[in-house]
Structure formats: structure tokens, C-alpha cells
Amino acid sequence: GAGVSQTPSNKVTEKGKYVELRCDPISGHTALYWYRQSLGQGPEFLIYFQGTGAADDSGLPNDRFFAVRPEGSVSTLKIQRTERGDSAVYLCASSLAGGSPYEQYFGPGTRLTVT
Amino acid sequence: GQQVMQIPQYQHVQEGEDFTTYCNSSTTLSNIQWYKQRPGGHPVFLIQLVKSGEVKKQKRLTFQFGEAKKNSSLHITATQTTDVGTYFCAGLINAGNNRKLIWGLGTSLAVNP
């Protein structure tokens, strides 16, 4: 079946601009996670959705970052007033249920470059 | 804060040699998961350990969970070039009403043919 998909695969934007990154989880997966990964680092947790609600957004670095999942499937990560330090690969993962020991299935990621 | 440490950060081996990466937590873990990320790829789930002292094997890979559920290891016997990648452990921690997956920084494995 289809895995987790993310669009776009690459995004180059200028400092100060607004960007949206999209994640399509595996059908039927109620839990959705956003991470970002810099070169040579492990995934850095940003936010976790259980259904439509953000169950844990403690990883969002500041209020420029926001994520939604209005219908409990597709999620959008929104970054306002982008900064060069936001450049990273943004990974989305989904699992059957959240807060439980279910494996996470990762998408291919969106590589964000802020110039 | 809660941390999961992984060592070594990098490892170069000759093909056929064994490889081990270690994961240590400052907090007792509910379970631990291991993922592999190939260069340019995304993390892919390998296995999950839940019980104290648990040992699981996948072909040449052996995974262990410590008795105190604070450490884990991944051992690869007779490495092959296909084993190249970064291996991450991720520990599930109970944090109040939340259960949070804390990721290690990974061990990057290079295999010389």
C-alpha cells in the first residue's frame, strides 16, 4: 500500500518568507508526527497529533512554527518569517496509534533551504 | 532533561567485521525502538524491545534491552556493505500524561569492502 508522502520534496525560500509543508500519512494511521533533521543529527521532535488535535507540541521551537491536521489525516506544517536556521529536512511520520509503542513510518521528507 | 545517548557517533569497519552501537538513557524506558537511515533516506523501523532483558534477532542483527530498561544495544555480525547507514535508537518515556519518544543522535556505520 501507499506509504507516507510529503510535498514538496524540496523547497527553497528566501529569509522572511512563509512556507507550508504537507504530509499525507498512511491511511488509517491516527497518530502523526513532525520532526526536523539537520545534517549529521537525529530526528528532532516538533509536534505530535492524535487525530485532529495536537497532543504534544512541546518540540516546536517558537511561535513561527505551527501545524494543523483539520480532518485527522493530512497535516500541514507552517513556518512564518523563515530564518536561515530553519534549513533542514522536515520529516513526517505516522503510526497506528499515538502514545503507544507502535512503529513510526516515515515519509521521504521535505528539504527546506532558506537563503 | 530526559536524554538518550548513543555511542559511538561514527564507526568504520572492514566488511566481515562485527559492529555494535550502544544506547543509554538517563530515565527508565517503557520500550525502545531501533531505526536505520540509509544515506539520503529516511528512518526505517527495525525492531521494538519491550521487556527487561529482552533479546531479539533479525538475521545478522541482535538487539538487547538492559535489565534496568535504561540501555540497549544493536550488534551486527559480519557486516556487509548493505549495512551502511545511521542507526538510531528511540526510547519511549512516560512523561506525565504523555508518552514521548526520545531519539538518540545515531551511530553512523561505514563499511569498507
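A quick note: this is a predicted structure, and the numbers were derived from the prediction, not measured.

1. Topic: the state of the cysteines
Part 1: By the definition in use, this model includes two disulfides over all chains.
Part 2: The side chain of cysteine 23 of chain A participates in a disulfide bridge whose partner is cysteine 92 of chain A; the two sulfur atoms lie 1.8 Å from each other. Torsion about the S-S bond of the cysteine 23 of chain A and cysteine 92 of chain A cystine: about -65°, corresponding to left-handed handedness. In this pair, cysteine 23 of chain A sits in strand β3 (residues 19–24) while cysteine 92 of chain A sits in strand β9 (residues 88–95), placing the two residues 69 residues apart along the sequence.
Part 3: On the basis of relative accessibility, which here comes to 0%, the residue cysteine 23 of chain A falls in the buried class.
Part 4: Here cysteine 23 of chain B pairs with cysteine 89 of chain B through a disulfide, and the sulfurs are 1.9 Å apart. Here the disulfide of cysteine 23 of chain B and cysteine 89 of chain B is right-handed, its torsion about the S-S bond being about 75°. With a gap of 66 residues between them, cysteine 23 of chain B in strand β3 (residues 19–25) and cysteine 89 of chain B in strand β9 (residues 85–95) connect regions that are remote in the sequence. This pair shows no difference in class: cysteine 23 of chain B is buried, exactly as cysteine 89 of chain B is.

2. Section: the pairing of strand β8 (residues 71–76) of chain B
Residue and element names in this part refer to chain B.
Part 1: Looking at chain direction, β3 and β8 are connected through six bridges and run antiparallel. The residue of β8 that forms the bridge with tyrosine 22 is serine 73.
Part 2: Relative to β8, strand β7 (residues 61–65) runs antiparallel, the two being bridged by five bridges. Along β8, the bridge assignment pairs leucine 61 with isoleucine 76.
Part 3: What sits between β7 and β8 in their antiparallel hairpin is a turn of five residues, with lysine 69 showing a positive phi close to 55°.

3. Section: the environment of serine 75 of chain A
Residue and element names in this part refer to chain A.
Part 1: Inspection of the secondary structure assignment puts serine 75 in strand β8 (residues 75–79).
Part 2: Taking the C-alpha atoms as reference points, serine 75 and serine 58, 17 residues apart in sequence, are found 17 Å from one another.
Part 3: Contacts of serine 75, omitting those with residues within four sequence positions, involve Leu21, Arg22, Cys23, Leu32, Trp34, Phe49, Val68 and Arg69.

Conventions we followed
- Residues numbered from 1 in each chain as written.
- Chains lettered and ligands numbered in written order.
- Predicted model: local features only at pLDDT ≥ 70, side-chain atom pairs only at ≥ 80, totals over all residues.
- Heavy atoms only, no water.
- Disulfide = S-S within 2.5 Å.
- Helix = DSSP H or I, 4+ residues; strand = E, 2+ residues; numbered from the N terminus.
- Buried < 20%, exposed > 50% of the residue type's maximum accessible area, 1.4 Å probe, protein only.
- Pairing = 2+ DSSP bridges.
- Contact = heavy atoms within 4.5 Å.

Purely spatial values, then, with no claim about function.
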